[in-house]
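A look at the structure
Listed below are the residues making up each chain.
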Amino acid sequence: MTKTSFHTPIHVIGGGLAGSEAAWQIAETGVPVILHEMRGVRGTDAHKTDSLAELVCSNSFRSDDATSNAVGVLHAEMRLAGSLIMRSADANQVPAGGALAVDRDGFSAAVTAALDSHPLIAITREEVTGLPPEEWDQAIIATGPLTAPSLAAAIQARTGADSLAFFDAIAPIVHTASIDMDVCWFQSRYDKVGPGGTGKDYINCPMDEAQYNAFVDALIAGDTTGFKEWEGTPYFDGCLPIEVMAERGRETLRHGPMKPMGLTNAHNPTVKAYAVVQLRQDNALGTLYNMVGFQTKLKYGAQAEIFRLIPGLENAEFARLGGLHRNTYINSPTLLDRSLTLKGRPGLRFAGQITGCEGYVESASIGLLAGRFAAAERLGQAPVLPPETTAFGALLNHITGGHIVSDDEPGKRSFQPMNVNFGLFPPLEPGAVVRPEGLKRFRGKDKAVAKKQATAARALEDCARWLGR
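Computed from a predicted structure; not experimentally measured.

**As for the sheet that holds strand E5 (residues 99-102)**
- The strand order across the open sheet built from 3 strands is E3-E5-E4, with neighbouring strands paired in antiparallel fashion. Each having just a single partner strand, strand E3 (60-63) and strand E4 (93-94) make up the two edges of the open sheet.
- Across 2 bridges, the pairing between E4 and E5 is antiparallel. By the bridge assignment for E5, Gln 93 is matched with Val 102.
- The sheet contacts of helix H3 (residues 84-91) involve E3, E4 and E5, and relative to E5 the element is tilted by about 80 degrees.

See the structure below:
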């Protein structure tokens, strides 16, 4: 069978996980694909081979538990959708407990072989230095966080100077339900209402002097990671790591992001807090709050341990831990429509990490969606979006509009990359979580697990319906 079709090819730029998955999904609909990959002509500072879907960092796809883990739910949905990435991962699995880890060379080889042998996929080894020409009426840019400078410049020229981020300063995000509101309280500084505000727009965690000093000591002693050589991005004062601020002087934090001024503890109004950690609503659903000013280079284990010293966050569940690294991604909620199409340029889509998702499977899943949407349009159909109750839909919603714009910090980027997590899913309907028979107390961890299980079951059922299964 030759690589021919009655349809005009769709061009996919980038042969990472997202681009590879997008190409596969398109070809499986009977539409031909030209996959452009620059490695083989021009390398990157992170990749070691010319193989498609090379795993640059870890060899783990994280949890494969589809009953109570959001990543596992995304795995299951991708399998339902015929994902090449998941098929190749399953075929090259290595022991890793409850996680799905792979032999990285075997995995990449499997993806490369499948794409190379597909009769409707042509792989072109070349660097695309600018936006796709207009004659490429259907194209997907899936060039990842290390997009070549020339293409990044072209994207920036088309979309605006503030459309592209090269420096990713990430603050931790906490599941709202895990915050102890018997200790914390809602209040904006000086009760400021602001545009769209109520005067109670932040969650505040109070510290006395001893707690503050212990926290500063822990930050200074915490185990941190250094910049990778290929990142080459210096700190700048607009987003200093929290531990670097602590090193600049013991009082720096309480005169910066942890200042207590303008706040009154609703639980103890007569006692003034020595310092206050504020959390700001991070998504439209109100299920996630981010720790204001807490970008960090602390290692993940140290972050969880130190941040749980904060009163009210002793049992915090983190949807995302903090970080500070080189990352190229677009301001997707502003630039893309719900089908991942660049506004003002019909037929041009973005996929993968450049859209503002984190992680191997997240990147591949957005490639999967972009590929399906592009193929539908090529076949004369309207793209059908996944329900927001699915992992696909929850992640897509985050990328294309689920964030909160910060009115009190004009000019600051509010959209940040994120892994899939249950905080991105819509809340369950009342009564969806039922206390198990024979269990007298149904709260805390038991109830949290039951909610995750119900959310996962709903997601997989709705995904199967969306796919026509």
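**Thoughts on the packing of aromatic side chains**
- Inspection of every chain in the model, using the stated rule, returns 8 aromatic pairs.
- Taking 5.5 Å as the distance between ring centres and 70 degrees as the angle between the ring planes, the aromatic pair formed by Phe 294 and Phe 307 counts as edge-to-face. Within this pair, whereas Phe 294 is found in the loop between strand E13 (288-291) and helix H8 (300-307), its partner Phe 307 is found in helix H8, the two being separated by 13 residues in sequence. With respect to burial, Phe 294 and Phe 307 carry one shared label: buried.
- Between the aromatic rings of Phe 392 and Trp 466, the centroid separation amounts to 5.9 Å while the plane-to-plane angle is 65 degrees, which identifies the pairing as edge-to-face.

**Section: the nonpolar core**
- In terms of nonpolar packing, the biggest core is built from 84 residues, with Phe 61 and Phe 107 touching the most fellow members.
- For this core, the element with the highest residue contribution is helix H10 (residues 360-378), accounting for 10 residues.
- Ignoring sequence-local partners within four residues, the contact set of Phe 107 consists of Leu 17, Ala 53, Leu 55, Phe 61, Ile 85, Ser 88, Ala 89, Asn 92 and Val 102.
- Counting 34 residues, the second-largest nonpolar core is a separate cluster that includes Ile 203, Tyr 274, Ala 302 and Ile 306.

**A closer look at the packing of helix H2 (residues 70-80) against helix H12 (residues 444-466)**
- Packing of H2 against H12 brings their axes to within 10 Å, and their N-to-C directions diverge by 15 degrees. Put simply, H2 runs roughly parallel to H12. H2 and H12 meet at a crossing whose hand is right-handed. Contact residues: H2 offers Val 73, Ala 76, Glu 77 and Leu 80, while H12 offers Ala 456, Ala 459, Leu 460, Cys 463 and Ala 464.
- Of the residues belonging to the contact of H2 with H12, the class tally is 8 nonpolar, no polar and 1 charged.

**With respect to H12**
- Between its first and last C-alpha, H12 extends 33 Å over 23 residues, near the 33 Å set by a 1.5 Å rise per residue.
- Regarding H12, the residues found buried are Ala 450, Ala 454, Thr 455, Ala 456, Arg 458, Ala 459, Asp 462, Cys 463, Ala 464 and Trp 466.
- Contacts made by the buried residues of H12 are with H2, H10 and helix H11 (391-400).
- Just downstream of H12, Gly 468 is the residue with a positive phi angle, here 75 degrees.

**Details of the pattern of salt bridges**
- Under the criterion given, the structure shown has 12 salt bridges.
- Here Asp 64 ties to Arg 79 by a salt bridge, and the two come within 3.2 Å at their closest N and O atoms. You can see Asp 64 sitting in the loop between E3 and H2 and its partner Arg 79 sitting in helix H2, a full 15 residues away along the chain.
- A relative accessible area of 32% means that Arg 79 is categorised as partly exposed.
- The partner of Glu 317 in a salt bridge is Lys 452, and the shortest N-O contact between them spans 3.7 Å. Linking Glu 317 in the loop between H8 and strand E14 (318-320) with Lys 452 in helix H12, this pair joins segments that are 135 residues apart in sequence.
- Among the residues examined, Lys 452 registers a relative accessible area of 28% and is labelled partly exposed.
- Each of the salt bridges in this network shares a partner with another, and the network as a whole consists of Asp 64, Arg 79 and Asp 90.

**Quick look at the state of the cysteines**
- Enumeration over the complete set of coordinates arrives at 0 disulfides.
- Here Cys 184 stays unpaired: no disulfide links it, and the sulfur of Cys 205, its closest cysteine neighbor, is 3.4 Å away.
- For Cys 184, a relative accessible area of 1% puts it in the buried group.

**Here's the deal with the sheet that holds E14**
- With antiparallel pairing, the 6 strands of this open sheet are ordered in space as E10-E11-E12-E13-E9-E14. Looking at strand neighbours, the two that pair on one side only are strand E10 (185-186) and E14, the edges of this open sheet.
- Relative to strand E12 (residues 275-281), strand E11 (residues 202-207) is paired through 6 bridges, and the arrangement is antiparallel. Note that in E12 the partner of Pro 206 across the bridge is Val 276.
- Sheet strands in contact with helix H6 (residues 209-221) are E11 and E12, and its direction is about 95 degrees off that of E11.

Conventions used here
- Residues numbered from 1 in each chain as written.
- Predicted model: local features only at pLDDT ≥ 70, side-chain atom pairs only at ≥ 80, totals over all residues.
- Heavy atoms only, no water.
- Pairing = 2+ DSSP bridges.
- Helix = DSSP H or I, 4+ residues; strand = E, 2+ residues; numbered from the N terminus.
- Contact = heavy atoms within 4.5 Å.
- Axes fitted to C-alpha atoms, helices over the stretch in contact; angles between N-to-C directions.
- Phe/Tyr/Trp six-rings, centres within 6.5 Å; stacked < 30°, edge-to-face > 60°.
- Buried < 20%, exposed > 50% of the residue type's maximum accessible area, 1.4 Å probe, protein only.
- Core = buried A, V, L, I, M, F, W, Y, C linked by side-chain atoms within 4.5 Å.
- Parallel < 35°, antiparallel > 145°, perpendicular 65-115°, else oblique.
- Left-handed = near helix turned anticlockwise from the far one by under 90°.
- Nonpolar A, V, L, I, M, F, W, Y, C, P; charged D, E, K, R; others polar.
- Expected span 1.5 Å × (residues − 1).
- Salt bridge = Lys/Arg side-chain N within 4 Å of Asp/Glu carboxyl O.
- Disulfide = S-S within 2.5 Å.

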